[in-house]
Amino acid sequence: MVSRCTTIAFQGINAVPVDVQVMIGPGNIGTHIVGLADKAVAESRERVQAAIHASGLSMPSKKVTVNLAPADLPKEGSHYDLPIALALMAAIGAIPGDVLDNYVVMGELALDGTIASVAGALPAAIGANGLGKGLICPAAAGPEAAWADPDMDVLAPRSLIGLANHFKGTQVLTRPVAGIRKEANRYGDMAEIRGQETAKRALEVAAAGAHNLLLIGPPGSGKSMLASRLPSILPPLQPRELLEVSMIASIAGTIADGKLSSARPFRAPHHSASMAAMVGGGLRAKPGEVSMAHNGVLFLDELPEFTPQVLDSLRQPLESGNTVIARANHRVSYPSHMQLIAAMNPCRCGMAGEPGHRCKRGARCAADYQARISGPLLDRIDMRIEVPSISASDLIRPSAGESSATIAARVARARAIQTERYADLGLGCTTNAAAGNTVIEQVTALDHTELKMLEDAANALAFSARAFHRVLKVARSIADLDGVERPGRIHLAEAISYRSAGERLARAA
């Protein structure tokens, strides 16, 4: 007789059903696991045997065969421990065999029979809900899995024996409560920034339309400080965005205590990050920084210090909002619709263009340093602004800048306008940066004089087709901040100024 239990295998953020089959039959005594299992799954044999003994049961003195079907699908991770153990307990009569038919099971077993937390509880719960089943997961992951569906049956036991008692009716496991983590403002306030009014305005425009932004300035001018304040003016995640972000974080195993957060992701990898760390990869094709920043911000400080190969690997995610990791034995796709904020010095010594400074290498110092960034990557950055040094008078003068709460209110109104606009058009995007080229031409609706102004700027600055439409998107965001129906000449001029500020950098690249 074969006892069965359903678990899942992960392909990106998607959960693929896996049928765990256990048969006890004649042959050499021992447990054999088949079905293209990796090392972690193969080692589950020892963990399952120890956990069953610790729960007061004994292994059968026969040959135990565990098959993970489909056999050609790679099985990776330690979450197969609990489904194998439950299928084995059903085979020896320790629990009713039919109770497992209504659940998808995942969890890692300790040697004493307790159930340890594993990554991927939220995608597993969503996959189980799609199959019309409940989920059995570790207690630590219960609050995370409960987000999938309020009417879904979720069991989150702490131990193997506790789950067995629940199935026998001698103990009742209550449904876990969906947890939300309250985030304190760890990013600071915009009011703390002295001076840099132009940069703060550009940051507000970038936040309103989710535009990519490059900050260029000497050391100590406040580039990193400005970028780190961006999350404080961004609106919280919408329910659909929260689900997408949390599924990626669940696969990566970064959800603490099973509680989700409505704060937008802010990822700031060091410039020594490898390509696999940036776009994803490794043995199990885990999500990289661009996917972890989905629906949030990816901040790259000291942009030219990243290797050119790593920077150029960002081009496809920036354009499509999706990262595809292709390997010889599998292909994984992760959503990567992030907002890129980058900061860099104008040259290697950092002081090019500053009054009273003369670089020993001359113009070559700036040209060589800026050329580390490729032209195609720069073309995908909507806004480029220069951040000059702060004078002593700006630091001494009492701060009277706007607070993050005030700016965030304007950004939220602009985002609401965009969400309503694209919903009326039947589109899935919610920001101007994500709108298609045809759509952005339709919603900007420039008149003859404005088109002539944009044409002159495009010819003078040698705009590419991508740059042409990104200027329109930025102008649309500026108009949304002002609450006007269509962009005017003043909005278009400001958008062009954000694009023209980095043309010297583009020519160097």
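Scroll up to find the structure this text is about.
Residues numbered from 1 in each chain as written. Predicted model: local features only at pLDDT ≥ 70, side-chain atom pairs only at ≥ 80, totals over all residues. Heavy atoms only, no water.

A. Structural detail: the overall build of the chain. Along the backbone of the chain there are 22 helices and 20 strands. Taken along the three principal axes of its C-alpha coordinates, the chain extends 85 × 50 × 45 Å. Taken over 509 residues, the chain has a buried fraction of 52%. The long-range fraction of contacts in the chain, counting pairs at least 24 apart against all pairs at least 6 apart in sequence, stands at 74%. Taken as a whole, the chain presents about 21,800 Å² of accessible surface, with 54% of it coming from carbon and sulfur. Of the side chains in the chain, 51 bear a positive and 48 a negative charge, and the two mean positions are spaced by 4 Å. (Helix = DSSP H or I, 4+ residues; strand = E, 2+ residues; numbered from the N terminus. Buried < 20%, exposed > 50% of the residue type's maximum accessible area, 1.4 Å probe, protein only. Contact = heavy atoms within 4.5 Å. Areas by Shrake-Rupley, 256 points an atom, 1.4 Å probe, with all protein chains shown as cover. Lys, Arg positive; Asp, Glu negative; His and termini not counted. Charge placed at Lys NZ, Arg CZ, Asp CG, Glu CD.)

B. Geometry of the side chain of serine 221. Locating serine 221 in the fold gives a position in the loop between strand E11 (213-216) and helix H8 (223-229). Assessed through its relative accessible area of 2%, serine 221 is described here as buried. Serine 221 has contacts with Gln196, Val387, Pro388, Ser389 and Ile390, leaving out every residue within four places of it along the chain.

C. Region of interest: the pattern of salt bridges. Enumeration over the complete set of coordinates arrives at 23 salt bridges. Here aspartate 480 ties to arginine 421 by a salt bridge, and the two come within 2.5 Å at their closest N and O atoms. Residue aspartate 480 is found in helix H20 (residues 465-482), and its partner arginine 421 is found in helix H17 (residues 404-424); the two are separated by 59 residues along the sequence. In this structure, aspartate 480 and arginine 421 share a single accessibility class: buried. A network of salt bridges, in which partner residues are shared, links Glu319, Asp379, Arg380, Asp382, Arg466, Arg470 and Arg499. (Salt bridge = Lys/Arg side-chain N within 4 Å of Asp/Glu carboxyl O.)

D. Representation of the layout of surface pockets within the structure. In this structure, the largest pocket occupies an estimated 700 Å³ of space. Forming the walls of the largest pocket are 38 residues, and the residues nearest its centre are His337, Met338, Thr431, Ala433 and Ala434. Every element with two or more residues in the lining of the largest pocket is listed here: helix H9 (239-252), helix H13 (315-320) and H20. Partitioned by chemical class, the residues of the lining of the largest pocket number 12 nonpolar, 16 polar and 10 charged. Taken together, 26 residues make up the lining of the second largest pocket; nearest its centre are Phe10, Glu76, Gly77, His79 and Arg284. Looking at the lining of the second largest pocket, the elements with two or more residues in it are strand E1 (2-11) and strand E18 (331-335). Considered class by class, the residues forming the lining of the second largest pocket number 12 nonpolar, 8 polar and 6 charged. (1 Å grid on protein atoms, 1.4 Å probe; cavity = no way out; pocket = protein on both sides within 12 Å on 5 of 7 lines; lining within 4 Å. Points joined across faces, edges and corners; volume = space filled by probe spheres on them. Nonpolar A, V, L, I, M, F, W, Y, C, P; charged D, E, K, R; others polar.)

E. Region of interest: unusual backbone geometry. Across the junction of alanine 69 and proline 70, the peptide omega takes the value 5 degrees, indicating a cis bond. With respect to the element layout, proline 70 can be found in the loop between strand E4 (63-69) and helix H3 (81-91). Positive phi, normally seen in glycine, also occurs at aspartate 257, with a value near 60 degrees. Mapped onto the elements of the fold, aspartate 257 is located in the loop between H9 and strand E12 (259-260). The exposure class of aspartate 257 is exposed, given its relative accessible area of 63%. Even without a glycine there, the phi angle at asparagine 295 is positive, about 65 degrees. Note that asparagine 295 resides in the loop between helix H11 (289-292) and strand E16 (297-300).

F. Seen up close, helix H7 (residues 197-209). Given a rise of 1.5 Å per residue, 13 residues ought to cover 18 Å, and the 19 Å separating the end C-alpha atoms of H7 matches this to within 8%. Burial analysis of H7 places 10 of its 13 residues in the buried class, which makes it a mostly covered element. What H7 keeps buried is the set Ala199, Lys200, Ala202, Leu203, Glu204, Val205, Ala206, Ala207, Ala208 and Gly209. At the exit of H7 stands alanine 210, carrying a positive phi of roughly 60 degrees. (Expected span 1.5 Å × (residues − 1).)

G. Inspection of the packing of aromatic side chains at higher detail. Throughout the structure, instances matching the rule amount to 2 aromatic pairs. Seen in terms of ring centroids, tyrosine 103 and phenylalanine 167 are 6.3 Å apart; in terms of plane orientation they differ by 55 degrees. Their pairing is tilted. In this pair, tyrosine 103 sits in strand E5 (residues 103-105) while phenylalanine 167 sits in helix H6 (residues 160-168), placing the two residues 64 residues apart along the sequence. Of the two residues examined, tyrosine 103 and phenylalanine 167, each falls in the buried class. Seen in terms of ring centroids, phenylalanine 266 and phenylalanine 299 are 6.1 Å apart; in terms of plane orientation they differ by 25 degrees. Their pairing is stacked. With phenylalanine 266 in strand E13 (residues 266-267) and phenylalanine 299 in strand E16, the pair connects residues that are 33 residues apart, well separated along the chain. Here phenylalanine 266 and phenylalanine 299 have matching classes, each one buried. (Phe/Tyr/Trp six-rings, centres within 6.5 Å; stacked < 30°, edge-to-face > 60°.)

H. Region of interest: the nonpolar core. By size, the foremost hydrophobic cluster in this structure holds 51 residues, and its most contacted members are Leu213, Leu230, Met383, Ile385 and Tyr498. With sequence-adjacent residues up to four places away left out, methionine 383 is seen in contact with Ala202, Val205, Ala206, His211, Asn212, Leu213, Leu214, Val474 and Tyr498. In this structure, Leu82, Ala85, Leu86 and Leu160 belong to the second largest nonpolar core, which totals 39 residues. (Core = buried A, V, L, I, M, F, W, Y, C linked by side-chain atoms within 4.5 Å.)

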